[in-house]
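# Descriptive structure summary
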Amino acid sequence: MRLFRLKSELEQFLQNAWKQDISIGFVPTMGALHEGHLTLFRRSLQENRLTVGSIFVNPIQFNNSTDLEKYPVVPEKDIALLESIGVDVLFMPTAEEMYPEPPKEHYDFGALESVMEGKQRPGHFNGVAVVVNRLFELVKPTRAYFGMKDFQQLTIIQDLVSKYKIPVEIVPCAIVRESDGLALSSRNMRLSQQARQIAPKIYDTLRRSLALKGDDSVANVQKFVEHQLALEPAFELEYFELVDSKTLQPVTLWSGKAGVVGCVVVWLDGVRLIDNIQY
Ligand code: AMP
């Protein structure tokens, strides 16, 4: 695996692939890699001649400095993992390399960012869009792989690509879970042993709420999830929203062209856990 820390080195290396029209799969991450990330990489390896990954804990997408400081950083382990599955190129820039000057770009995703993560974390999606667009400009990938775990992020990236006519295919990838249902996340490693035992109740609740869809109203499913999560005193629910999977706007009825997604954020043991389910 080739490891680059400078944009110029990466660009130099990719010249050949661009000239020869070799397909490039790209997987942007913030590191502390787990099986969820590796699934994205494996898919890229299958579908492209060259797979490029990036590890960059993007400071401008954190609206909470403690969250940024506590974000796990394990570069040696990450490098070894990516090498072991045959990833071709890893780009690991410093913040100075990505942002020699404070970024000035401002993206407007309208209603897509006025809900859920966008509402709770002001500036978050602008930070995501700035880094993803810069990385796309740098790598010029044929395909880019994003997890459905960050459902709103995936929708915003799809909007970014379509609005700015960026020539890349966005490939959504299913959520990878532990055997007990907990969605894999770099943040899980910060959970105490006790909290780790409780955490699967989030997905368990979402899964059980699916069964209600047939007979119950959207409002009742909302109440059911909120009630079940409140039964666990260690949970602090930030939000649970039932939204249209395309517009991300709250729904009141199950009928609609696009599906309905239930998006949840729960705090546990000082860790912010995100998950979702398709109804
Ligand atoms: P992150 O390093 O958290 O920014 O995540 C990098 C990419 O991996 C994003 O597209 C995430 O949605 C995706 N990802 C993270 N966790 C999972 C998971 N459990 N299943 C599928 N994709 C994931």
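Scoring rules and cut-offs
- Residues numbered from 1 in each chain as written.
- Predicted model: local features only at pLDDT ≥ 70, side-chain atom pairs only at ≥ 80, totals over all residues.
- Heavy atoms only, no water.
- Helix = DSSP H or I, 4+ residues; strand = E, 2+ residues; numbered from the N terminus.
- Rg over C-alpha atoms; globule rule 2.2 N^0.38 Å.
- Buried < 20%, exposed > 50% of the residue type's maximum accessible area, 1.4 Å probe, protein only.
- Lys, Arg positive; Asp, Glu negative; His and termini not counted.
- Charge placed at Lys NZ, Arg CZ, Asp CG, Glu CD.
- Pairing = 2+ DSSP bridges.
- Axes fitted to C-alpha atoms, helices over the stretch in contact; angles between N-to-C directions.
- Contact = heavy atoms within 4.5 Å.
- Near = heavy atom within 4 Å.
- Polar contact = N/O pair within 3.5 Å; in protein donor to acceptor, adjacent residues only side chain to side chain.
- Areas by Shrake-Rupley, 256 points an atom, 1.4 Å probe, with all protein chains shown as cover.
- Nonpolar A, V, L, I, M, F, W, Y, C, P; charged D, E, K, R; others polar.
- Core = buried A, V, L, I, M, F, W, Y, C linked by side-chain atoms within 4.5 Å.
- Phe/Tyr/Trp six-rings, centres within 6.5 Å; stacked < 30°, edge-to-face > 60°.
- Lys NZ or Arg CZ within 6 Å of the ring centre and 35° of its normal.

What follows concerns the overall build of the protein. A tally of regular secondary structure across the protein gives eleven helices and nine strands. Taken over the C-alpha trace, the protein has a radius of gyration of 19 Å; the compact-globule value for 279 residues is 19 Å, and the two agree within 12%. Across its three principal directions, the C-alpha atoms of the protein cover 55 × 40 × 35 Å. Every one of the 279 residues in the protein was classed for burial, and the buried ones make up 52%. Between the averaged position of the 30 positive side-chain charges in the protein and that of its 35 negative side-chain charges there is a distance of 3 Å.

Spatially, three strands are ordered β7-β8-β9 in an open sheet, and the strand pairing comes out antiparallel. Edge positions in the sheet fall to β7 (235–244) and β9 (271–278), since each of these pairs with one other strand and no more. Strand-to-strand twist in this sheet, taken as the mean axis angle between neighbours without regard to direction, amounts to 15°. Bridging between strand β8 (residues 260–268) and β9 involves eight bridges; their strand directions are antiparallel. Following the sheet pairing, Val265 is matched in β9 by Ile274. In this fold helix α10 (residues 201–210) packs onto β7, β8 and β9, with an angle of close to 20° to the strand it touches most, β9.

Moving on: the environment of Gly118. Take Gly118: it is sitting in helix α6 (residues 116–120). Judged by its relative accessible area of 17%, Gly118 falls in the buried class. As for Gly118 and Thr142, which are separated by 24 residues in sequence, their C-alpha atoms are 28 Å apart. With near-sequence residues (within four places) excluded, Gly118 lies in contact with Glu113, Phe125 and Gln152.

Among the structural elements, Val115 can be located in the loop between α5 (95–98) and α6. In sequence terms Val115 and Gln249 are 134 residues apart; their C-alpha atoms lie 7.4 Å from each other. The contacts of Val115, once residues within four sequence positions are left out, are Gln152, Leu248 and Gln249.

Moving on, we come to the site of the ligand. Around the ligand sit 17 residues, and of these Met30, Gly147, Asp150, Val176 and Leu184 come closest. At 2.9 Å from an oxygen atom of the ligand is found a main-chain nitrogen or oxygen belonging to Gly147. At 2.6 Å, a side-chain N or O of Asp150 approaches an oxygen atom of the ligand. Alone, the ligand offers 490 Å² of accessible surface; in the complex the protein occludes 94% of this. Sorting the residues of the shell around the ligand by element identifies β2 (24–29), α2 (35–47) and β5 (143–147) as the ones contributing at least two each. Here the shell around the ligand takes three residues from α2, the largest share from any one element. The residue makeup of the shell around the ligand, split by class, is nine nonpolar, six polar and two charged.

What follows concerns the nonpolar core. Leu10, Val132, Phe136, Val139, Phe146, Ile157 and Ile170 are the most contacted members of the largest nonpolar core, which has 47 residues in total. In terms of residue count, helix α7 (residues 124–139) provides more of this core than any other element does, ten residues in total. Sequence-distant contacts of Val139, defined by excluding residues within four places in its chain, comprise Leu10, Leu14, Trp18, Ile24, Phe26 and Val52.

Turning next to the packing of aromatic side chains. A complete count under the given rule lists eight aromatic pairs for this structure. Measuring from centroid to centroid gives 6.4 Å for Phe136 and Phe146, while their planes differ by 85°, and the two rings are edge-to-face. With Phe136 in helix α7 and Phe146 in strand β5, the pair connects residues that are ten residues apart, well separated along the chain. Given the relative accessible area of 3%, Phe136 is considered buried. In textbook terms, an aromatic cluster arises when at least three aromatic residues are bridged by ring pairs, as seen for Phe26, Phe136 and Phe146. One residue, Lys140, lies across the ring of Trp18, its end atom 4.6 Å from the ring centre. For the cation-ring pair, Arg177 lies above Tyr203, with the distance from its terminal atom to the ring centre recorded as 3.5 Å.

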